[in-house]
Amino acid sequence: MYAAVVTSFAEPPRYQTFDTPKPQGEHEVLADVLAAGLHPRVRSGASGSHYTSTHELPLVPGIDGVCRLPDGRRAYFVGSDSRCGTMAEKAIVDTRRMVVLPEDADAIRVAAAMNPAMSSWVALRRRVPLEAGQGVLVLGVTGNAGQMAVQIAKRLGAGRVVGAGRDPERLREAENLGADQVVALSDDPKSSAAAIAVAACEVDLVLDYLWGPPAQETIPALLTKRSDRSRSLNWIQIGSVAGPTIELPSVALRSANFRLQGNGQGAVSPRAYLAELPSLVDEITANRLKVNTVTVGLRDVEAAWTRPTAPGQRMVVVP
Ligand SMILES: NC(=O)c1ccc[n+]([C@@H]2O[C@H](COP(=O)([O-])OP(=O)(O)OC[C@H]3O[C@@H](n4cnc5c(N)ncnc54)[C@H](OP(=O)(O)O)[C@@H]3O)[C@@H](O)[C@H]2O)c1
């Protein structure tokens, strides 16, 4: 079969042949891939930098996608093999890790949206279940996941949603998607944090896609400004586009009811993730979430890999 094939972690994948994988066991089938999203997680897998990487090459990137099953139905599926992923003409589908799609579902939308949407959907339903009316800060609201987080927080019953991010156009889009207030991040993390603290000091949850300096400065600024520091603030760490580490003064954990946890593979069980797939597929296929996509053919994957997309747009590879 043809696939996007990574032979060096320093280079983009190339369109070339790769051994067609063989299904094993009663739950696996070989399916035709229809669409696979180029998510940040796919890029980190292809560059060997994801925390689950085994550093073995060659590999086919891609962690999920939409496929045509041997019986003709279409399904969203989560890949199960890190060496032979979903950016290929064919992929192994574990029928326990898929959701059959309705006839009229748009495969591109589903492939684009599931990964970014899953981050807040699972965080707010499994990691720290959102209570109706609670306030949410989305730190890093301009990316695909942040824009989904605004919509999903509102769908799940959040009261006030505050979004913080850099790109002014995407901040306006966050407001269109339901954010009650947005805060523009500047180059100065301290002044940005002060502005976030004013806007979001009373929220109950933070969905943090940034980490790094913005999180480091925002945590103490926000806790200090809270009217009741004994009221819990659940900080859910999801992405780290602004930096992999922070310095956290111990006093942050003693002087307030501050609960820091992550959401991702490992923090939530595979069983819990899989249990959330059908309801999220419903949200997307019923067009209750806005999705911004651009498609690229599998044979053009090498050039597309490094081509910038418009802000907030998710590239989807189509074999
Ligand atoms: N744990 C999970 O379950 C899960 C699931 C999905 C995604 N994630 C993670 O969440 C993060 C975002 O994913 P995504 O799909 O939204 O990616 P994306 O669509 O590529 O968006 C990333 C956004 O980050 C913004 N950004 C980059 N550097 C920044 C900085 N220093 N300060 C503020 N904003 C910055 C960029 O916005 P501007 O350049 O416009 O400012 C960009 O729009 C990634 O780290 C991803 O791996 C985690």
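Caption draft 1: Looking closely at the overall build of the protein. In terms of regular secondary structure, the protein is built from nine helices and 15 strands. For a compact globule of 319 residues, the expected C-alpha radius of gyration is about 20 Å, and the protein comes in at 20 Å, within 12% of that figure. Its C-alpha atoms put the protein at 60 × 40 × 35 Å along the principal axes. Taken across its 319 residues, the protein has 51% of its residues classed as buried. Counting only contacts in the protein whose residues sit at least 6 apart along the sequence, the fraction spanning at least 24 positions is 72%. About 14,100 Å² of surface is accessible on the protein, with carbon and sulfur atoms providing 48% of the total. A distance of 3 Å separates the average location of the 34 positive side-chain charges in the protein from that of its 33 negative side-chain charges.

Caption draft 2: Region of the structure containing the sheet that holds strand β10 (residues 181-184). Pairing is parallel in the open sheet, where six strands are placed in the order β10-β9-β8-β11-β12-β13. With partners counted over all chains shown, the strands left at the sheet margins are β10 and β13 (258-262), one partner each. Neighbouring strand axes in the sheet, compared pairwise and without regard to direction, differ in orientation by 15° on average. Note: strand β9 (residues 161-165) against β10, four bridges, orientation parallel. Bridged to A164 within β10 is V183. Taken strand by strand, helix α3 (residues 144-155) contacts β8 (136-139), β9 and β11 (205-208), and its axis lies near 170° from that of β8. Helix-sheet contacts for helix α5 (residues 189-200) involve β8, β9 and β10, and the interaxial angle to β10 is about 170°.

Quick notes on the rules
- Residues numbered from 1 in each chain as written.
- Predicted model: local features only at pLDDT ≥ 70, side-chain atom pairs only at ≥ 80, totals over all residues.
- Heavy atoms only, no water.
- Helix = DSSP H or I, 4+ residues; strand = E, 2+ residues; numbered from the N terminus.
- Rg over C-alpha atoms; globule rule 2.2 N^0.38 Å.
- Buried < 20%, exposed > 50% of the residue type's maximum accessible area, 1.4 Å probe, protein only.
- Contact = heavy atoms within 4.5 Å.
- Areas by Shrake-Rupley, 256 points an atom, 1.4 Å probe, with all protein chains shown as cover.
- Lys, Arg positive; Asp, Glu negative; His and termini not counted.
- Charge placed at Lys NZ, Arg CZ, Asp CG, Glu CD.
- Pairing = 2+ DSSP bridges.
- Axes fitted to C-alpha atoms, helices over the stretch in contact; angles between N-to-C directions.

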